[in-house]
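As a plain string of letters, each chain reads:
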Amino acid sequence: MTAAAVAIPQAPPSFLATGRGKLTLAFLCMVGFLDFVDASIVNVALPSIRRDLHFSLESLQWVLSGYLLTYGGFTLLGGRAADLLGRRRILVSGMVLFALSSLTAGLSSDSAMLIGARLVQGLGAAMMLPAALSILTTTFNEGTDRHKALGAWGAIAGLASGVGVFLGGVLTESAGWRWVFWVNLPVSVVLLFATYRIVERDSDAPGAKDFDLLGAVLGTGTMLLLIFTLVKAPDVGWGSARTIGGLVGTAVLALAFFANERRHRNPLMPLSIFRIKGLAAANATQVIAMAGFYSMFFFITLYMQNVLGYSQLQAGSAYIPITLMVAVGAGVGSNLFVRVGTRPIIVAGSLIAAGAVYWLSRIPVDGSYLSNLMPPLLIMAFGLGWVFVGVNTAANAGVPPDKAGLAAALINTSTWLGGALGLAIFSVIADTRTHDLLARHASASQALTSGFQRALTACAVFLAGAALIALRAANTKGEPATADVVPLEAVDVNA
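Residues numbered from 1 in each chain as written. Predicted model: local features only at pLDDT ≥ 70, side-chain atom pairs only at ≥ 80, totals over all residues. Heavy atoms only, no water.

Looking only at helices and strands, the chain features 18 helices and 2 strands. Radius of gyration (C-alpha) of the chain: 23 Å, near the 23 Å computed for a compact globule of 495 residues. The dimensions of the chain, computed from C-alpha atoms along their principal axes, are 95 × 50 × 45 Å. Counting the 495 residues in the chain, one finds 55% classified as buried. Taking contacts inside the chain between residues at least 6 apart in sequence as the whole, the part at least 24 apart equals 85%. (Helix = DSSP H or I, 4+ residues; strand = E, 2+ residues; numbered from the N terminus. Rg over C-alpha atoms; globule rule 2.2 N^0.38 Å. Buried < 20%, exposed > 50% of the residue type's maximum accessible area, 1.4 Å probe, protein only. Contact = heavy atoms within 4.5 Å.)

Here it is, written out as structure tokens:
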């Protein structure tokens, strides 16, 4: 029988299956790794930095918080600028800024110089990361290729948390704390060279002609004030006029920002992006989950060093098996997407991690790594791998190419906002308990451990809350992209 014109779906070719596709994914994941690892690599070097540069206890936190402040504050601007001005342009600019600030940080002769360098370093990362993630989501086709690529990206994000602590310990003890910054230089040079060889040249940037400057100022100001207020809240008190004023100021700026976005012809953040099913829930899940995960790593590292007496190298080495388990969890989670979708992976991962962190909250004063830390940390790491790959995939599902940078910026802003929120809340819980016990003449180890226990319990509650929010996230299963339709008029079809 002669067939009439028949239309069948033809799946687009897999770019990821090619050598260039694999190289592109490896390059983009390396960019992400460099940014993510820098948020944790400095942690174990802080005692050495404090001693050499004569930091006060209050100012030392800004070695971490300064990076977090500008990273979270400028990520939205960096992501939208990548959409409007060109992704390769923003990626290259961010790399150069990141490398120069890393060099300056390592050369620092006093506390002010180091904090200033960290602020600029965060700005460079805020340009690099959303640009790289938006290149990933626009390079790989919607469907299996993109899910695999986002799974690898999520795995790298989880791995970096553990690897950063380990590398920080090794570099600090073997070469000195300055190398936790200088190690970025050769990597940045290689990545900068690779950018011009791998990433396609940007086309003309029509968005630059009508750039939403007011929206950029209001949006960035909102995030900077919010994160600064959260970072300072544990020191000045949640009920202080400074904290309340900061939160009120954040609300006012946010309202002005959204009012501007509604009427601007080419807004920095088109509010239509929130009509994408499940996107808002995925970002909210990331905020709450990261509050738990980021703080958990912070308190466990303090417990190892200040209670168990671990050296910087020992504390860093303790995360090696944890890092490997994150990779295992991410790999398993990525392979399950096609069967069950992202939503069950995020929910299950959050609950697994919540149970493991609650187990960690039982740490004793005389605890040991093998019996009290390693088993729950391994379980937590498996759940972390599921959450990271699931949330990153759900948060980018269904996003059109012209808003890929914005979607990438939103999920990364959620990541660092969650970290700042968690530390702001849980540090108060830990410090209040510790000071209360010290006033009752408990030993320093007992007081610190009890404070960490309270904070870790709160982290577990937040992770359970993330599971509830994730029930509203997108449940993408790796569906193929919209297919091209081709006529098969010349084909004979036999009945």
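Right, let's talk about the nonpolar core for a bit. The biggest cluster of nonpolar side chains holds 133 residues, and the ones touching the most others in it are F27, I49, L373 and M380. Residue contributions to this core peak at 15 residues, all from helix α12 (residues 279-306). Excluding residues within four positions of it along the chain, F27 makes contact with L91, M95, L191, A194, T195, I198 and V199. Membership of the second largest hydrophobic core comes to 13 residues, among which are L76, L218, I273 and A407. (Core = buried A, V, L, I, M, F, W, Y, C linked by side-chain atoms within 4.5 Å.)

Relative to each other, helix α4 (residues 62-85) and helix α10 (residues 213-236) sit at 155°, their axes nearing to 8 Å. By the angle class used here, α4 and α10 are roughly antiparallel. Classified by chirality, the crossing of α10 by α4 is right-handed. Residue-level contacts link W62, S65, L68, L69, T70, G72, G73, F74 and L77 of α4 to A216, T220, M223, L224, I227, F228, V231 and K232 of α10. (Axes fitted to C-alpha atoms, helices over the stretch in contact; angles between N-to-C directions. Parallel < 35°, antiparallel > 145°, perpendicular 65-115°, else oblique. Left-handed = near helix turned anticlockwise from the far one by under 90°.)

What follows concerns unusual backbone geometry. Of note in the backbone geometry, H54 takes a positive phi value of approximately 60° without being a glycine. Position of H54 among the secondary structure elements: in the loop between α2 (46-53) and α3 (57-60). Within the chain, H441 stands out as a residue other than glycine whose phi angle is a positive 70°. Residue position: H441 is located in the loop between α17 (404-439) and α18 (444-470).

With that settled, the discussion passes to the side chain of D35. If you trace the backbone, D35 turns up in helix α1 (residues 19-37). This buried residue, D35, is left without a salt bridge; R118 holds the nearest opposite charge, at 9.9 Å. Setting aside chain neighbours within four positions, we find D35 in contact with Y67, Y71, F98, A125, M128 and L129. (Lys, Arg positive; Asp, Glu negative; His and termini not counted. Salt bridge = Lys/Arg side-chain N within 4 Å of Asp/Glu carboxyl O.)

Two quantities define a packed helix pair, namely the angle between the axes and the distance from one axis to the other. Packing of α10 against helix α11 (residues 241-263) brings their axes to within 9 Å, and their N-to-C directions diverge by 160°. With respect to their mutual orientation, α10 and α11 come out roughly antiparallel. Two packed elements cross with a definite hand, and for α10 against α11 that hand is left-handed.

Quick look at the packing of aromatic side chains now. Per the counting criterion, the structure on display carries 13 aromatic pairs. Ring geometry for F293 against F388: centres 6.4 Å apart, planes inclined by 85°, an arrangement best described as edge-to-face. Pair noted here: F293 is in helix α12 and F388 is in helix α16 (residues 369-396), with a separation of 95 residues, a long-range link. Its relative accessible area of 1% is what places F293 among the buried residues. (Phe/Tyr/Trp six-rings, centres within 6.5 Å; stacked < 30°, edge-to-face > 60°.)

Here we come to the pattern of salt bridges. Evaluated as defined, the whole model comprises 5 salt bridges. Taking the shortest distance from any N to any O, the salt bridge between D52 and R51 comes out at 3.6 Å. Between R80 and D83 there is a salt bridge whose closest N-O contact spans 3.2 Å. Of this pair, R80 and D83 both sit in helix α4, 3 residues apart, roughly one helical turn.

What follows concerns helix α14 (residues 320-340). In this model, α14 (21 residues) spans 30 Å end to end at C-alpha, consistent with the 30 Å of a helix rising 1.5 Å per residue. In the stretch just after α14, G341 is the one whose phi turns positive, near 90°. (Expected span 1.5 Å × (residues − 1).)

Before going further, it helps to examine α2. Here α2 has its buried residues at L46, S48, I49 and L53. Around the axis of α2, the buried residues are gathered within 160° of arc, so they sit on the same side. (Arc of directions from axis to C-beta.)

A few words now on the environment of V120. Mapped onto the elements, V120 comes out in helix α6 (residues 111-139). Spatially, the C-alpha atoms of V120 and I227 are 16 Å apart, while their sequence positions differ by 107 residues. When residues no more than four places from it in sequence are discounted, the contact partners of V120 are L97 and S101.

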